[in-house]
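# Fold and geometry: a report
Read off the chains here:
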Amino acid sequence: MRTAAVVILCLVFTAAGLRADERYLDFIAALQDQGYHDLAIEYIQGIRARPEVPEDVRALADYLIGKSAVAEAETRTDLSRRDDELREARRFFEKFLREHPQHEQAPEAHMELAQILVERGRVAVLRADDPANQGRRSELRQDARGLFEEARKSFTEAAARFEKDFKAFPAFIPDTEKRNREAKRAAQIHWMQAQLHLGLVEYERAQTFDKGSEGFQKTLREAIGLFESVHERYRSWLAGLYARMWQGKCYEEMGELGKAEGFYKELLEHEDKDAVLQALQRQVQFFRIIVLNKRGDYLLAADAAKKWLQEHAAQRRSEMGLGVQFEQGRALIQQAIAKDENAPERARLLDQAMDALGQVARYETLYKQQAIVLEQKVRGLAGAVGSPNFDRALALGEAAKDARNWPEAAKQYAAALAQAKPGADPEQLAYVRYVLGYARLQMRDFYEAAVLGEYVARRQPNTSVAAPAAGVALAGYAAAYNAWQTRHQEAPAFEEDRIIQLAEYVSGTWPKAAEANAARITLAELHLARGRFVQAAQAFARVAPASAEHAQAIARAGDAYWRAYNQAAAQPAGQRDPAPLAAWLDLARQNLTQAVAEQTQNIPPHAKLPTALAETELALAEVLLESGDDAAVMRLIPPLGARIAAQPELAPLELRSLIALLRACVRTNDLQAAQDAMQAIEKTRKDLAQITRVYLELGKQLQVEMDRLQARGDDATLKQARDRYVAFLNQMAGRQQGQNFVTLAWTGEAFFGLGLYDQAAGRFREIMRRALDDSAFLDLSNAQNQAALTHVKLRLASALRQQGQFAQAWELIQPLPREANPGDDPLHKPVVWNYDLILERGRVLEEWSAREPSKLKTALDHWGFWAQRMEPMAQKPPQYFEIRIHLIDCMIRKGRQATGPSEREQWYRQAERQLVFMTKTSAELGGPALKSRFKQLQDELEKQLGRTLEAAARR
């Protein structure tokens, strides 16, 4: 248990004679003494940067935060959260030691770090004892042993260091050298403390074995030896008395009750009324109650427990207090069993036992699972249930929750609320509503969970569970949102509104709480799903800097700003506002730069590169490219690419990093580096067909980059970037040596992306010519190589279309009957499920119709055929919506070409029905960019009709 360690640490803290300004430290100590650990952390964070605060107080900030964080973690009933907070506390102690290795509190910080390992080991033991983790019990116990082993090493090293420090002082120090005498005493206490902790670690390690097993007995005997050594050396010191108590505890657990009781009696005979000794005796009294129960003295045990709880009422909810109540419950049950089945006294004793065990079962301690087992035993005893009451229903609900029996848990929690008396403890009522909401959430009763959680959050905001209850409410609304959207294929307005309002309430009411950060992230996710990228970025950016999620949150904020920039730049010229583009690009850069710095901070130089950090650095490189900071990209990308290539788990990011590198090489006119990058792309173990798709994507990126620069109105940067690309590509294209399929495909796509369609067509034709003439250039017996060549032919058709050479383009891709397609060319098959081919055929026909109006009917038939074929798809790809856009556009054009009003009205009505159908069946219409194009068609159609469309199309 941590109790002993806490007491000794307090003594050392006092003995050290800190000279920091007492006003600040006294206030912090008062907050900690009252259990306001979160307020203490907030206060320390607030004063550490203030210039009037003494330097010695600021130096202690991380140490004091770490101590408060450990104390706060120990109050958590959620084991995962407790473990996370212990990890966070460890970070503060490590920072303190890194920055102040010679500080007089450094020894205590080292001891705290080791003790955190012990506490995390205890969490792992508690998890192992949870029936829900039965399948992982061995694994969790092994994890605990590993943590205890680390702690043992730390305490061993500390003991050796403190012994050396102590023995460095002379044997006698005169009274006049008060400072040296205090320092020697502090060194001796440090040494004692480390030795005592070595025994405590062994005791905790014993708990990872089955009771009574050889490992359990052996480890306890090792602990006894360590405690005996401490007691022999320091029998008149507090450390020696604590060692004696833990010796007794080890003997008790080994079944040697007489020895244990003898040690306890010896310790209780001390008459010193010092508060620290009284704390020791309070724990000894608890251990003695355990012995009384094991010995069968149930009446004495129950009376001793009752007396303990009366005298130490403030300790009822501490781990020790819950242990006393557990022993009280055991003693009462055993007394009841001895009574006649129909005796009123039996029912009374069992009722009292259930009340005690119900309290124990509410908290995550080592007694919780044992209490639940005993509760089940009481329920099975005849006449034990009696009339329903709040405490019994709550206890049964807790047992059902721990067994993951959510319907039963919900039933019992609801019964507890029904049995609550007027004026009942608001904290308890809030807790019951909170766990009832959680049970409903697990049962997928999302609205009930949300209502219960929001009630606690808004009506009982001062209770300890208000913020967690708000988390349940947000989870309920989010799950309801997702379920509705999946079922109806549209975003539900009610749930969206509740999420936004509640998330803002939570982040405003508990701004420092973990639930506030979760609310901000939930809100950001909602905005992302709805295409509101700026709002998403702002929500991500509000995640607290002290949060463990902060680095990832600001990375996502940067990515959201980048998406907002891209979305706005892709708008048609008449609809985009260039003013915010530069700001969003700069914010993307700032957030991603900060995210990289934060994510890198705690990673050792030679450690593996985490995936999240690699993705953030890649996003930053892409933003830097857009910003024109080519030198920064070249500093970032080559080492990043090398680390990505060296880690197999980062393989999905390899092509993306190479593309960024290739773009940077073009921008810096580094031909050799570009060729090296292309060779690296070829070595990524992708087949040629996949690589050609990569270069197609690169070409699209170049085209989009030019569009974005134009949208920003930055003509100088646009001209400079375009001129650099063109000059580089001309140099690359002019090389006679080293030209292969990959280099030709890449330069072709890059020319295409820059709008240089004649040069692009030349590169694609060169590939086709060499592929047919030279088998060494391209082995066409390979199916993937055939697919790559087919793709190049399709890209040639696109380049010809862009030049207005529609007949030549159509010749390459027109559907032909089988007898006219002897080579079985997939580009000439009448029906091929190839979205690129489908779209290219339609575009050629549609654009050709501007010269030859008869082609418009063929284009209409083409778009209509594929729209109908793809309509039954449950999950429709973006190409489906693009096909519908082309179909509606062709209908509007047919209306404009009509020779009479009746025919014109017919075509416009058909277009209107198509628009209404699309807006009725899809809320998102394929995404923001395609949705914008639907809106353009709607505006055009309303202009032609001279009226607004049907209501469905207005949504």
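Computed from a predicted model, the values in this text were never measured in an experiment.

Rules used throughout
Residues numbered from 1 in each chain as written. Predicted model: local features only at pLDDT ≥ 70, side-chain atom pairs only at ≥ 80, totals over all residues. Heavy atoms only, no water. Helix = DSSP H or I, 4+ residues; strand = E, 2+ residues; numbered from the N terminus. Buried < 20%, exposed > 50% of the residue type's maximum accessible area, 1.4 Å probe, protein only. Contact = heavy atoms within 4.5 Å. Areas by Shrake-Rupley, 256 points an atom, 1.4 Å probe, with all protein chains shown as cover. Axes fitted to C-alpha atoms, helices over the stretch in contact; angles between N-to-C directions. Parallel < 35°, antiparallel > 145°, perpendicular 65-115°, else oblique. Left-handed = near helix turned anticlockwise from the far one by under 90°. Nonpolar A, V, L, I, M, F, W, Y, C, P; charged D, E, K, R; others polar. Expected span 1.5 Å × (residues − 1). Patch = residues over 30% accessible without salt bridge, like charges linked within 9 Å, V, L, I, M, F, W, Y side chains within 5 Å. Salt bridge = Lys/Arg side-chain N within 4 Å of Asp/Glu carboxyl O. Phe/Tyr/Trp six-rings, centres within 6.5 Å; stacked < 30°, edge-to-face > 60°. Lys NZ or Arg CZ within 6 Å of the ring centre and 35° of its normal. pLDDT = per-residue confidence, 0-100.

## Some points on the overall build of the protein chain
- Helix and strand content of the protein chain: 41 helices and zero strands.
- Looking at the protein chain residue by residue over its 955 residues, the buried ones come to 51%.
- Taking the contacts inside the protein chain whose residues are at least 6 apart along the sequence as the reference set, 63% of them involve residues at least 24 apart.
- When the accessible surface of the protein chain is split by element, carbon and sulfur atoms take 51% of a total near 43,300 Å².

## What about the side chain of Glu 253?
- Tracing the backbone shows Glu 253 in helix α10 (residues 238-253).
- Given the relative accessible area of 15%, Glu 253 is considered buried.
- When residues no more than four places from it in sequence are discounted, the contact partners of Glu 253 are Tyr 203, Gln 207, Lys 211, Phe 216, Leu 220 and Lys 294.

## So, the packing of helix α18 (residues 406-419) against helix α19 (residues 426-442)
- Packing of α18 against α19 leaves a shortest axis separation of 9 Å and a crossing angle of 155 degrees. Classified by the angle between their axes, α18 and α19 sit roughly antiparallel to one another. Crossing of α18 against α19: the hand is left-handed. Residues Trp 406, Ala 409, Ala 410, Tyr 413, Ala 414, Ala 416 and Leu 417 of α18 lie in contact with α19, whose contacting residues are Leu 429, Val 432, Arg 433, Val 435, Leu 436, Tyr 438, Ala 439, Arg 440 and Gln 442.
- Classifying every residue of the contact of α18 with α19 gives 13 nonpolar, one polar and two charged.

## So, helix α22 (residues 493-509)
- An ideal rise of 1.5 Å per residue puts 24 Å on 17 residues; α22 measures up with 24 Å between its terminal C-alpha atoms.
- Of all the residues in α22, the buried ones are Glu 495, Glu 496, Arg 498, Ile 499, Leu 502, Ala 503, Tyr 505, Val 506 and Ser 507.
- Elements in contact with the buried residues of α22: α20 (446-459), α21 (466-488) and α23 (514-529).

## Topic: the environment of Gln 897
- Position of Gln 897 relative to the elements: it lies in helix α39 (residues 878-897).
- Classification of Gln 897 as partly exposed rests on a relative accessible area of 39%.
- Along the primary structure Gln 897 and Trp 907 are separated by 10 residues, whereas in three dimensions their C-alpha atoms are 9.9 Å apart.
- Apart from residues no more than four positions distant in its own chain, Gln 897 is found in contact with Pro 853 and Leu 856.

## Things to note about helix α41 (residues 928-945)
- The end-to-end C-alpha distance of α41 is 25 Å, a good match for the 26 Å that 18 residues give at a rise of 1.5 Å each.
- If you check which residues of α41 are buried, you get Leu 930, Ser 932, Phe 934, Leu 937, Gln 938, Leu 941, Glu 942 and Leu 945.
- Tucked inside the fold, the buried residues of α41 contact α39 and α40 (901-921).
- A positive backbone phi angle near 75 degrees is found at Gly 946, which sits one or two residues after α41.

## Regarding unusual backbone geometry
- At Arg 444, a residue that is not glycine, the phi angle is positive and equals roughly 65 degrees.
- With respect to the helices and strands, the residue Arg 444 is situated in the loop between α19 and α20.
- Classification of Arg 444 as exposed rests on a relative accessible area of 59%.
- Phi angles above zero are rare outside glycine, and Leu 925 is one such case at about 55 degrees.
- Locating Leu 925 in the fold gives a position in the loop between α40 and α41.
- Given the relative accessible area of 5%, Leu 925 is considered buried.

## Quick word on a nonpolar patch on the surface
- Side chains of Val 831, Trp 833 and Phe 865 sit close together on the surface and give an oily, nonpolar patch of about 280 Å² of accessible area.
- Here Trp 833 lies in the loop between α36 (806-813) and α37 (835-848).
- Using a relative accessible area of 44% as the deciding quantity, one classes Trp 833 as partly exposed.

## Quick notes on the packing of aromatic side chains
- By the definition in use, this model includes 20 aromatic pairs.
- Centroid distance Phe 286 to Phe 287: 5.6 Å. Interplanar angle 40 degrees. Geometry classified as tilted.
- With 5.1 Å between their ring centres and 85 degrees between their planes, Phe 865 and Trp 866 make a pair best called edge-to-face.
- Owing to a relative accessible area of 34%, Phe 865 belongs among the partly exposed residues under this scheme.
- Taken together, the aromatic side chains of Tyr 203, Trp 246, Tyr 264, Phe 286, Phe 287, Phe 326 and Tyr 367 make up a single cluster linked through ring pairs.
- Of note, Arg 795 hangs over the ring of Phe 752, and the distance from its end group to the ring centre comes to 4.2 Å.
- It is Lys 876 that lies over the ring of Tyr 880; its NZ or CZ is 5.6 Å from the centre.

## Structural notes on the packing of α10 against helix α11 (residues 257-268)
- At their nearest, the axes of α10 and α11 sit 7 Å apart, and the two run at 155 degrees to each other. With respect to α11, the element α10 is oriented roughly antiparallel. Crossing hand, α10 versus α11: left-handed. Two secondary-structure elements touch here, α10 through Leu 241, Arg 244, Met 245, Gln 247, Gly 248, Lys 249, Tyr 251 and Glu 252 and α11 through Leu 257, Lys 259, Ala 260, Phe 263, Tyr 264, Glu 266 and Leu 267.
- Split by residue class, the contact of α10 with α11 holds eight nonpolar, two polar and five charged.

## A closer look at the pattern of salt bridges
- Inspection of the entire model under this criterion finds 59 salt bridges.
- With a shortest N-O distance of 3.4 Å, Glu 256 and Arg 221 are connected by a salt bridge. Pair noted here: Glu 256 is in the loop between α10 and α11 and Arg 221 is in helix α9 (residues 214-233), with a separation of 35 residues, a long-range link.
- Given the relative accessible area of 47%, Arg 221 is considered partly exposed.

## Remarks on the confidence of the model for the protein chain
- In the predicted model, the protein chain carries a mean pLDDT of 83, and the fraction of residues at 70 or more is 89%.
- Predicted confidence is poor over residues 1-20, with pLDDT under 50, and the contacts of this stretch with residues over four places away or in other chains come to 55 contacts.

## Section: the side chain of Glu 202
- Mapped onto the secondary structure, Glu 202 falls in helix α8 (residues 178-206).
- In this structure, Glu 202 is in contact with Arg 152, Thr 219, Glu 222, Ala 223 and Leu 226, ignoring residues within four places of it in sequence.

## Brief notes about the environment of Asp 129
- One can find Asp 129 in helix α6 (residues 106-129).
- With 12 residues separating them in the primary sequence, Asp 129 and Arg 141 have C-alpha atoms 9.1 Å apart.
- Ignoring any residue separated from it by four or fewer positions in sequence, one finds Asp 129 in contact with Arg 137 and Gln 369.

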